[in-house]
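One letter stands for each residue in the lines below.
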Amino acid sequence: MTATETPVRPLDSYLLGSWRPPASDGEAQVVRDASTGEPIAAVAGKEIDLGAAVDYGRRVGQDSLGALTFHQRALLLKQLAQHLTGVKQDLYEVSLRTGGTRVDAQVDIDGGIGVLFTYGSKGRRELPNARILVDGPPESLSRDGSFGGQHVRVRRAGVAFQVNAFNFPVWGMLEKFAPAFLAGVPTIVKPASATAYLAEAAVRAIVDSGILPEGSLQLVSGPARGFMDFLDVRDAVSFTGSASTARTLATHDAVIRRGVHFTAETDSLNAAILGPDAEPGSPEFAAFVASVVTEMTVKAGQKCTAIRRVIVPADRQDAVVDAVRERIAQRVVIGDPRADGVTMGALASVAQQDEVLRSVRELVAGGGEIVVGDLAEPEVVHADGTVAVAPGGAFVRPVLLRFADADAPAVHDIEAFGPVASVIGYRDLDDAVRLANLGGGSLVATVASADPDAVRHLVTGIAPMHGRVLVLDRDDARSSTGHGSPVPHLVHGGPGRAGGGEELGGIRAVEHYMQRTALQGTPTALTGLTGRWRAGAPSRTDSGHPFRKSLAVLRLGDAVESGARVVTLDDITHFAEFTGDTFYAHTDEEAAAANPFFPGRVAHGYLLVSFAAGLFVDPAPGPVLANYGLENLRFLTPVVPGDAIRVRLTAAEITPRENEEYGEVRWDAVLTNQRDEVVATYDVLTLVAKEGRGTPV
């Protein structure tokens, strides 16, 4: 800060349940408005007591989150998303100081809120209302069924320390926080200094909401160089940033010897491949060019998923360059994001501007020719509408380079983290695959083609080196979320240079913050530990029909065993005629007997399932509100005319819905014949009232 500048507010940290100012004796780093250079805030230069923050998270955060089930945590995520939606306009205004446009702000802020909504929904739909997650089916480990195994996942016992990059201070924080919170692990957030003021504003909004349990979120606004020294096997680190820093962290004693779980997302030379069928004028060509320009200009190209290498048929390079140049000229207006009409803002800082310009010069030195844009300081639109050079702003024009040598090492090694991309030509599909994979591992690639054979060849060739592949064609060009937009439902991460880590991916991300443990024991022990009844555990048929029980009184193992029903030839014939299912195994004795699986005419499997429902259903209105499905249905033994079937139905899993007057019950159904052979097994899914008789559906 110069002598003429007004002192700026130091950024606070949120630690140990309260906001804390930085130490006054440290040298602060002044953070500036990316468009004007005006000082915004000061980031502390002296480290805080990170050990106390880690200890607080392990004690207080673990206790408060451990008291909640998956569903309860999911509901809090939904409430937090709703709260942030109500204040996001305030966050937009802060975001304009980062140099990003309002569209860029929406990508960051709305994207982060969307992650909260997604995990709030997935947590209630895909996880049990419990604290332990059953992982996969049970395993029988003895002939008599008295001993078995079950994989489960339990939350890590420490903290999730999350280091974020400057380009997405809100999304980057929330996409890590949401799955950790859902798993039940408290988070400590360390944002990058250049945009830490926006992360601080978002955390203030979160804290002010009063929604989160105590200790579940802490914020470090300032240096955290020694944070790994305080972590051990209980903890997890999720890092987004440079590959060099990731390598340093990955080889830290905390990871190598103390067992800290470490995942990283780092550099990525993402590619977009234009298929041979995508001629100029085709929808695929237009969508490809639009995607390239979008990825060059959204967030001023400061995205780890942005397109860096534009891989096109060798004879189509000129056409692609011309189309990109024309689209940039028509659609891109550079300037202060507070000015009307601006579509591309500044880089996050002058230091980042210098880094991008240096990288472009290295690309030129490595064989690249600038064919769109230049490195001169651009005239830009200022907030007052005037157009002039902005000496304090971190602006760079969109730059497209072309490499005559597609194998030039520079294009596959140097990432200019700004509005920069490079065009290279390929000879054939194998060459395109080879060039894409020279990036050494990437987060994402796009294949623009409507030729299924070409798409198959390209995707199967590049998939091992890319974390995500977008297939872009005329049918999804408008509905696609885009090359550079990770979605919480799918994995975000990539192999090799991209860091080798994974984030998001739905419930997969929750499991990253949990330990998989193999349990072994009797069916009774495993039922008690997992909350899922398994065959061999106690069950009761003497306490009344379980369909007469609300969730308040229903217990695992409550069962009903039916009487027998004889299946006749008339039953089979009628079902075939009534449903139209006249498959020969049910209607032609000679043909059925010739089938290696049947002794002659057999009953339809769905007839048996229907008969089973008639055997176990209690017909009067009661707590059971609806049957909403069957799962894991298997037909094991054929039923011939004259066989008698019976069914045993056992309450196997009970999941109350946290915010509803009902819950879900999974019933284990086993259908047997008169010889006690298992005819069919399946799960029946019902909705059951929590209290009283419920309302019949």
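Treat the numbers as computed from the prediction; the structure is a model and nothing was measured.

Conventions and cut-offs
- Residues numbered from 1 in each chain as written.
- Predicted model: local features only at pLDDT ≥ 70, side-chain atom pairs only at ≥ 80, totals over all residues.
- Heavy atoms only, no water.
- Phe/Tyr/Trp six-rings, centres within 6.5 Å; stacked < 30°, edge-to-face > 60°.
- Helix = DSSP H or I, 4+ residues; strand = E, 2+ residues; numbered from the N terminus.
- Buried < 20%, exposed > 50% of the residue type's maximum accessible area, 1.4 Å probe, protein only.
- Lys NZ or Arg CZ within 6 Å of the ring centre and 35° of its normal.
- Axes fitted to C-alpha atoms, helices over the stretch in contact; angles between N-to-C directions.
- Parallel < 35°, antiparallel > 145°, perpendicular 65-115°, else oblique.
- Contact = heavy atoms within 4.5 Å.
- Nonpolar A, V, L, I, M, F, W, Y, C, P; charged D, E, K, R; others polar.
- Pairing = 2+ DSSP bridges.
- Expected span 1.5 Å × (residues − 1).
- Arc of directions from axis to C-beta.
- Salt bridge = Lys/Arg side-chain N within 4 Å of Asp/Glu carboxyl O.

Draft legend 1. Structural context of the packing of aromatic side chains. Overall, the coordinates contain 9 aromatic pairs when judged by the stated rule. Their ring planes at 40° and their centres at 5.4 Å tell us that F177 and F181 sit as a pair that is tilted. Placement of both F177 and F181 in helix α4 (residues 171-183) is noted, with a separation of 4 residues, approximately one turn of the helix. Residue classification places F181 among the buried residues on the basis of a relative accessible area of 0%. Taken together, the ring pairs connect F547, F616 and W667 into an aromatic cluster. Note that R73 overlies the ring of F70, its terminal NZ or CZ placed 5.4 Å from the centroid. Sitting over the ring of F611, R565 keeps its end group 3.7 Å from the ring centre.

Draft legend 2. Up close: the packing of helix α15 (residues 569-579) against helix α18 (residues 605-616). At a closest axis distance of 10 Å, the pairing of α15 and α18 adopts a crossing angle of 110°. In terms of their interaxial angle, α15 and α18 are classed as roughly perpendicular. Residues D571, I572 and F575 of α15 form the contact with α18, whose participating residues are Y606, L607 and F611. Partitioning the contact of α15 with α18 into residue classes produces 5 nonpolar, no polar and 1 charged.

Draft legend 3. Representation of the sheet that holds strand β15 (residues 307-313) within the structure. Read from one edge of the open sheet, 7 strands run β16-β19-β20-β15-β14-β21-β22, paired in mixed fashion. Of all strands in the sheet, those bounded by a partner on one side alone are β16 (368-372) and β22 (466-472). Neighbour to neighbour, the strand axes of the sheet diverge by 25° on average, direction disregarded. Taken together, the 4 bridges between strand β14 (residues 270-274) and β15 define a ladder with parallel strand orientation. Looking across to β15, one finds that A271 is bridged to R309. Sheet strands in contact with helix α8 (residues 283-297) are β14, β15, β19 (399-403), β20 (420-426), β21 (442-448) and β22, and its direction is about 160° off that of β15. Along the sheet, helix α10 (residues 350-365) contacts β16, β19 and β20; its crossing angle with β19, the most-contacted strand, is approximately 20°.

Draft legend 4. Structural view of helix α9 (residues 317-331). In this model, α9 (15 residues) spans 21 Å end to end at C-alpha, consistent with the 21 Å of a helix rising 1.5 Å per residue. Those residues of α9 that sit buried are Q317, V320, V321, A323, V324 and I328. Taken down its axis, α9 places every buried residue within 165° of arc, on the same side. Seen from the buried face of α9, the exposed residues on the opposite side, beyond 90 degrees, are A329 and Q330. Buried residues along α9 sit in contact with β14, α8, β15, β16, β19 and β20.

Draft legend 5. Seen up close, the pattern of salt bridges. Evaluated as defined, the whole model comprises 46 salt bridges. A salt bridge links D558 to K549, with the shortest nitrogen-to-oxygen separation between them at 2.9 Å. One exposure class covers both D558 and K549, and it is buried. Residues joined by salt bridges that share partners form a network here, namely R532, E631, E653, R666 and D683.

Bear in mind that shape data such as this cannot, by itself, settle questions of function.
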